[in-house]
Amino acid sequence: MFTGIIEEIGEITAIAPAGDGWRLTVRAPKAAHDPVHGESIAVSGVCLTVVGSTLDTFDADVMKQTLDVSALAAASVGTRVNIEKAMPVGARLGGHIVQGHVDGTGEVLDVRPGAEWSVLRISLPADLAPLVVDKGSIAVDGTSLTVSAVSDAAADHAWFEISLIPETLVATTLGSRSVGDRVNLETDILARHVERLLAFRAVSEGGSR
């Protein structure tokens, strides 16, 4: 489990075929300082398993299903990525509960820079739109953020906005995002549970009539 508090910005230094997926090498000195074989590290919000390491890099395998649903499929050597190691037991939950299980991707539709803040508008796949609410939590490229605005439920194309403080702009890759970029999205786990419960309730009530 993760918290969405990014620890460093890493860089992909190698991509090699591995079956129908990839093996990534990521330069991330903090994460690679004391890695444990088999531990989990979130790479731009995607939970990956360490399979090897050096003093400043770690290797991780990415299966095809992950490439199909995440923005990692567009990554190349030199791509900068957000890095977070798994949260140790007893640590503070500084962001929100993030699993590293990407629900889908969104496209940056607008970037509105300000004197201190920057606002990003990001598209939402239709199936994720009901799970994103104003003032709720969402992970964008693994970064725990608060939703600052959402499209109307009747809108033809769903979107949400996030407001980025100076620290987030500097400490994550979101500060360099531009219109057209694709980002990984993970909705709030509590919202997903509620949606699932309501779906079963609807089936149960429909069958009892």
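As shown above, the structure is provided for reference.
Remember, predicted model here, so these are calculated numbers, not experimental data.

### With respect to a nonpolar patch on the surface
Together, Met-1, Leu-93 and Ile-97 make up an exposed nonpolar region whose accessible area comes to about 260 Å². Relative to the helices and strands, Met-1 resides in the segment before β1 (8-18). Met-1 gets classed as partly exposed once you look at its relative accessible area, which sits at 47%.

### Digging into the sheet that holds strand β3 (residues 40-43)
If you walk around this closed barrel you meet the six strands as β1-β2-β5-β4-β3-β6, and the pairing is antiparallel. Neighbouring strand axes in the sheet, compared pairwise and without regard to direction, differ in orientation by 45° on average. In terms of strand pairing, strand β4 (residues 46-53) meets strand β5 (residues 57-62) through three bridges, oriented antiparallel. For Val-50, the partnering residue across the bridge sits in β5 and is Ala-60.

### Observations regarding the side chain of Thr-105
Here Thr-105 lies in strand β7 (residues 104-113). A residue is classified by how much of its surface remains accessible, and Thr-105, at 17% relative accessible area, is buried. Of the polar contacts made by the side chain of Thr-105, one reaches the side chain of Arg-182; its length is 3.1 Å. Apart from the residues lying within four places of it in its own chain, the contact partners of Thr-105 are Val-69, Ser-70, Ala-71, Pro-125, Arg-182, Val-183, Asn-184 and Leu-185.

### Observations concerning the layout of surface pockets
Roughly 350 Å³ of internal volume is contained in the largest pocket. Residue lining of the largest pocket: 17 residues in total, with Ala-71, Thr-79, Arg-80, Arg-177 and Arg-182 positioned closest to the centre. Residues that form the lining of the largest pocket fall into these classes: five nonpolar, seven polar and five charged. Contributing to the lining of the second largest pocket are 15 residues, with Thr-143, Ser-144, Leu-145, Ile-165 and Thr-168 lying nearest its centre. For the lining of the second largest pocket, the secondary-structure elements that each account for two or more residues are β10 (143-150), β11 (159-164) and α3 (166-171). A per-element tally of the lining of the second largest pocket places β10 first, with five residues. Taken together, the residues of the lining of the second largest pocket break down into six nonpolar, eight polar and one charged.

Cut-offs used in this document
Residues numbered from 1 in each chain as written. Predicted model: local features only at pLDDT ≥ 70, side-chain atom pairs only at ≥ 80, totals over all residues. Heavy atoms only, no water. Patch = residues over 30% accessible without salt bridge, like charges linked within 9 Å, V, L, I, M, F, W, Y side chains within 5 Å. Areas by Shrake-Rupley, 256 points an atom, 1.4 Å probe, with all protein chains shown as cover. Salt bridge = Lys/Arg side-chain N within 4 Å of Asp/Glu carboxyl O. Helix = DSSP H or I, 4+ residues; strand = E, 2+ residues; numbered from the N terminus. Buried < 20%, exposed > 50% of the residue type's maximum accessible area, 1.4 Å probe, protein only. Pairing = 2+ DSSP bridges. Axes fitted to C-alpha atoms, helices over the stretch in contact; angles between N-to-C directions. Polar contact = N/O pair within 3.5 Å; in protein donor to acceptor, adjacent residues only side chain to side chain. Contact = heavy atoms within 4.5 Å. 1 Å grid on protein atoms, 1.4 Å probe; cavity = no way out; pocket = protein on both sides within 12 Å on 5 of 7 lines; lining within 4 Å. Points joined across faces, edges and corners; volume = space filled by probe spheres on them. Nonpolar A, V, L, I, M, F, W, Y, C, P; charged D, E, K, R; others polar.

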